[in-house]
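# Summary of the model geometry
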Protein chains: 2
Amino acid sequence: MNTELPDVSLPSRLAASTEGIGFEELALAARNHGMPLEALRYDRTPIGLHYTLIHYDIPYLDPREWRLSITGRVAHPFRLSLDDLRAYPARTVRVTMECAGNGRARLRPRPVSQPWLVEAVGTAEWTGVPLARVLADAGVSPQAREVVFTGADRGTERGVEQDYRRGLSLDEAARDEVLLAYAMNGAELPPQHGYPLRLIVPGWYGMAHVKWLREIEVIEDPFTGYQNMVAYRDRQRADETGEPVTRIAVRALILPPGIPDFMSRTRIVRPGPVTLTGRAWSGAAPVVRVDISADDGDTWAAARLGASGGPWAWRGWTFDWHAVPGRHVLAARATDGDGNTQPVEQRWNRDGFANNLVHRVPVACLGE
Amino acid sequence: MNTELPDVSLPSRLAASTEGIGFEELALAARNHGMPLEALRYDRTPIGLHYTLIHYDIPYLDPREWRLSITGRVAHPFRLSLDDLRAYPARTVRVTMECAGNGRARLRPRPVSQPWLVEAVGTAEWTGVPLARVLADAGVSPQAREVVFTGADRGTERGVEQDYRRGLSLDEAARDEVLLAYAMNGAELPPQHGYPLRLIVPGWYGMAHVKWLREIEVIEDPFTGYQNMVAYRDRQRADETGEPVTRIAVRALILPPGIPDFMSRTRIVRPGPVTLTGRAWSGAAPVVRVDISADDGDTWAAARLGASGGPWAWRGWTFDWHAVPGRHVLAARATDGDGNTQPVEQRWNRDGFANNLVHRVPVACLGE
């Protein structure tokens, strides 16, 4: 730790009960952005609508000079250019990605960090080389247990200067669908999504999908770096180690019906039939059920599920609602094939991770 | 005005002196986003990094069904499909666009609305048909004075349900470089930038560049719609009419040097030479000078200007700074060919428009 850093790079903290969102949180919200919920209409989120969360700055990498290094406990360390990667057989996977901090801003007390409401999600088709294929070419040592991925983005965080770096178990890293992706929705990666290369770990929260990837190191001992051991832990107190944040918890979102008010974003609908739609996903198992409430959770009824978008992508749902004049709160709750469902009361942890509170949308139905 | 709307669509207001950013402002900040300042490196902002400000929802328009209507005081009212528009000779213009509310969040008292810091800007190459050509085909009446542009986005604002609609004088509308744009940076418009068609009015703040354009009406009397007469006025008190917000005020931004802290976004640099870069623009006249201060405005020196990006686009600048250990505040101030320059003290108006306060970037230079 740099001894001069403490006054520019402070420990994490909780907001006071009377404290609104501050300028530091606002600066993060102005840079990083959620997916406007009307974009739930798309199977595949258009570029610029998919959420982004960038820890430091978006680096600029010259593709002619950029190389990916494969190092550590491998028989044949080597470097790959973008053309080398494109020469491998390509695979495309549709993946719903969500920020581990999604929903953080409504926790009480509120962890001070990127202040997400519920929009930190998106679904893209990622194209690249299966990581397992590249690791096989490198010849992973029988003693190897983990793989460490390093990005080209650098900054400080709670007093620690670092390149963004994440470890992943070799078992997870070797899954067929884990990709070294050089394309998003059929085009080269945009700068903010990791150009020229990012890791894709379907089913996991966004922190695992290392952007601007420049090095892959195979190691024997468990990785103890900042992003695995300090950040991205589910803990109640600052002084406990907690549990690692891994796969995306089951969640459904509602495409807000009707029209919005500019400032309050309150939805306005007219009396009569309203077809509600939305999406649901889980990193643990396919979504098998979505329940909808039009009375803020007093009663629930099953939505119709749409076609599957594949094992790692969100699934559409529809629900017929008959709106009558008055104020209503719509709610959606998904259940996955492992029996996981969403809480109706807020679960809390100190850094605001893996939140999947039931989504609620207040609606004003105005007389004709 | 709908009499049931007041409780969901309230009048504008100012935040109390102790009031942090609230959930309504945060909901806007999560949807709309600024341009991360490191994207100042690009002459042309990549898709997804250009700022967006969407009053209501992003509508989905089926390009096979969509038509643009030209109506009102014209000899030959007609409708155009996307193919019809593409059949006209195309023109491409590079345009720096800025939200009229940029900088609003730091005003005291703070107008409660989209809480922009300084990032609500971007530069794109827009391709389309000069509006003057389409108006000529329609045969504008000699009595015509204004043109009204209607988008497909609908919502409520301060109690008024409306389609987004803006009027523009016929003189402004007939300028050669005013476009009906169907492409951005060489590709079809993204949904969030107005697919399939938007108006581009180079030099004006973003509110004039109507997205999801569906109707152009030529009128004789001055347009008195909400977005011209209620919103987008420079006023001191809520009860005065104020002046219309029109062209972009001169402004320079600094590409933040060094590396950031995640939470505070404070910049960290090492001692020694640092080349500062950034961009400057004005909607009134070309930028002719940029001055830089490394001591929070006590002393200023001229930056070197880069090549012009054309009459409607930002211009790069560079400045050699020698960083010494300690805390510094960098500042940039641009001047345009009409002699307009930026204030060093905050100018205030009730809705936070046309702000162009000098940009300041705090930097910590740490010992080697």
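Residues numbered from 1 in each chain as written. Chains lettered and ligands numbered in written order. Predicted model: local features only at pLDDT ≥ 70, side-chain atom pairs only at ≥ 80, totals over all residues.

## Observations regarding the overall build of chain A
What counts, and what does not: Strands are runs of DSSP state E lasting at least 2 residues, helices are runs of H or I lasting at least 4, and numbering of each runs from the N terminus. We compute the radius of gyration over the C-alpha atoms and compare it with the globule rule, which gives 2.2 Å times the number of residues raised to the power 0.38. The burial label depends on the number of other C-beta atoms within 10 Å of a residue's C-beta. Counts of 20 or more mean buried, 12 or fewer mean exposed, and intermediate counts mean partly exposed, with C-beta atoms placed from the backbone. Think of it this way: build a C-beta for each residue from its backbone, and any pair within 7 Å is a contact.
Secondary structure assignment for chain A yields five helices and 22 strands. The globule rule puts the C-alpha radius of gyration for 368 residues at 21 Å, and the 21 Å found for chain A is close to it. For chain A, buried positions account for 51% of its 368 residues. Taking all contacts inside chain A whose residues are at least 6 apart in sequence as the whole, residues at least 24 apart take part in 73%.

## Points about unusual backbone geometry
In the segment running from Arg108 of chain A into Pro109 of chain A, the intervening peptide bond is cis, with an omega of -5 degrees. Summarising the element assignment, Pro109 of chain A is placed in the loop between β3 (91-98) and β4 (121-130). Of note in the backbone geometry, Arg158 of chain A takes a positive phi value of approximately 45 degrees without being a glycine. Examined against the element boundaries, Arg158 of chain A turns out to sit in the loop between β5 (146-157) and β6 (160-169). The phi dihedral of Arg265 of chain B is positive, around 60 degrees, even though this residue is not glycine. Note on Arg265 of chain B: 22 C-beta atoms within 10 Å, which makes it buried.

## Description of the environment of Glu25 of chain B
Residues and elements named next belong to chain B. With respect to the secondary-structure elements, Glu25 resides in helix α1 (residues 23-31). Separated by 90 residues in the primary sequence, Glu25 and Pro115 place their C-alpha atoms 6.1 Å from one another. For Glu25, the contacting residues outside a window of four places in its chain are Val112 and Pro115.

## What to know about the domain arrangement of chain A
Residue and element names in this part refer to chain A. This is how it is decided: Residue ranges for the domains trace back to a domain assignment, done automatically or taken from a database. Polar here means any residue other than Ala, Val, Leu, Ile, Met, Phe, Trp, Tyr, Cys and Pro, which are nonpolar, and Asp, Glu, Lys and Arg, which are charged; Gly is therefore polar.
We note that the domain assignment places domain 1 (23-244) and domain 2 (251-365) within chain A. If you look at the interface, domain 1 gives 30 residues, while domain 2 gives 23 residues. Taken together, the elements giving at least two residues each to the side of domain 1 that touches domain 2 come down to β3 and β11 (233-234). Considering every element that reaches the side of domain 1 that touches domain 2, the biggest residue donor is β3, with four residues. Among the residues making up the side of domain 1 that touches domain 2, the classes are represented as 12 nonpolar, eight polar and 10 charged.

## Considering the sheet that holds β5 of chain A
Residue and element names in this part refer to chain A. Note the following rule: Strands are treated as partners if at least two bridges between them are detected by DSSP. Between N-to-C directions, angles span 0 to 180 degrees; the directions come from axes that are lines fitted to C-alpha atoms, helices contributing only their stretch in contact.
Read from one edge of the open sheet, five strands run β2-β1-β10-β5-β6, paired in mixed fashion. One side of each edge strand has no neighbouring strand; the edge strands of this open sheet are β2 (78-80) and β6. Going across the sheet, the axis of each strand differs from the next one's by a mean of 25 degrees, ignoring polarity.

## Focus on the packing of helix α1 (residues 23-31) of chain A against α1 of chain B
We count it as follows: Helix crossings get a hand from a simple test, with the near helix turned counterclockwise from the far one by less than a right angle marking a left-handed crossing and a clockwise turn marking a right-handed one.
Orientation of α1 of chain A relative to α1 of chain B, taken along the N-to-C sense of each, is 35 degrees, at an axis distance of 7 Å. Here α1 of chain A and α1 of chain B pass one another in a crossing that is left-handed. Side by side, α1 of chain A and α1 of chain B meet where Leu26, Ala29 and Ala30 of chain A of the first sit next to Leu26, Ala29 and Ala30 of chain B of the second. Looking at the contact of α1 of chain A with α1 of chain B residue by residue, the class counts come to six nonpolar, no polar and no charged.

## Some points on the sheet that holds strand β1 (residues 68-72) of chain B
Residues and elements named next belong to chain B. Ordered by their spatial adjacency, five strands build an open sheet running β2-β1-β10-β5-β6, and the pairing between neighbours is mixed. At either margin of the open sheet sits one strand with a lone partner, and together these are β2 (78-80) and β6 (160-169). Ignoring strand direction, the axes of neighbouring strands in this sheet form an average angle of 25 degrees.

## Considering the pairing of β1 of chain B
Residue and element names in this part refer to chain B. Sheet analysis places β1 next to β2, joined by three bridges and oriented antiparallel. Directly across from Leu68, in β2, lies its bridge partner Leu80. Between β1 and β2, which pair antiparallel one after the other, the connecting turn spans five residues. Bridge analysis of β1 against strand β10 (residues 213-219) gives four bridges, and the strand direction is parallel. For Thr71, the partnering residue across the bridge sits in β10 and is Glu217.

## A word on the interface of chain A and chain B
Residue-level contacts link 56 residues of chain A with 56 residues of chain B. Going through the elements one at a time, α1, β5 and β14 (259-260) of chain A are the ones with two or more residues in the side of chain A that touches chain B. Residue composition of the side of chain A that touches chain B, by class: 29 nonpolar, 15 polar and 12 charged.

## Looking at the relation of the copies chain A and chain B
Filter applied, for reference: Superposing copies: least-squares fit, C-alpha atoms only, residues required to have pLDDT of at least 70 in both.
The two copies are related by a screw motion: chain A maps onto chain B through a turn of 180 degrees and a shift of 0.0 Å along the axis, at an RMSD of 0.0 Å. What the rotation and shift describe, once combined, is the action of a two-fold rotation axis.

## Focus on the confidence of the model for chain A
Let me state the cut-off plainly: Known as pLDDT, the predictor's confidence for each residue is given on a scale from 0 to 100.
Looking at chain A, the pLDDT average stands at 96 and 98% of residues meet or exceed 70. Both confidence scores are given for the complex: pTM 0.97, ipTM 0.96.

## Description of α1 of chain A
The buried fraction of α1 of chain A is high, at seven of nine residues. Within the sequence span of α1 of chain A, burial applies to Glu25, Leu26, Ala27, Leu28, Ala29, Ala30 and Arg31 of chain A. Those residues of α1 of chain A that are buried are in contact with α1 of chain B.

## Focus: the environment of Ile47 of chain B
With respect to the element layout, Ile47 of chain B can be found in the loop between α1 and β1. You can call Ile47 of chain B buried: it has 22 C-beta atoms within 10 Å. C-alpha separation for the pair Ile47 of chain B and Asn185 of chain B, spaced 138 residues apart in sequence, amounts to 7.9 Å. Beyond its immediate chain neighbours, meaning those up to four positions away, Ile47 of chain B contacts Ile47, Gly48 and Pro190 of chain A together with Met184, Asn185 and Pro190 of chain B.

## Observations concerning helix α3 (residues 131-138) of chain B
Residues and elements named next belong to chain B. Note the cut-off: In this description, the arc belongs to the directions extending from the helix axis to the C-beta atoms.
The set of residues buried in α3 consists of Leu131, Val134 and Leu135. An end-on view of α3 places all buried positions within 100 degrees of arc, on one side of the element. Where α3 is buried, its residues contact β1, β4 (121-130), α4 (170-173) and β7 (179-184). Gly139 occupies a position one or two residues after α3 and carries a positive phi of about 75 degrees.

## A look at the environment of Glu24 of chain A
Within the secondary structure, Glu24 of chain A is located in helix α1. Residue Glu24 of chain A is classed as partly exposed on the basis of its 18 C-beta neighbours within 10 Å. Here the alpha-carbon distance between Glu24 of chain A and Ser113 of chain A, two residues 89 residues apart in the chain, equals 8.2 Å. Apart from the residues lying within four places of it in its own chain, the contact partners of Glu24 of chain A are Met263, Ser264 and Arg265 of chain B.

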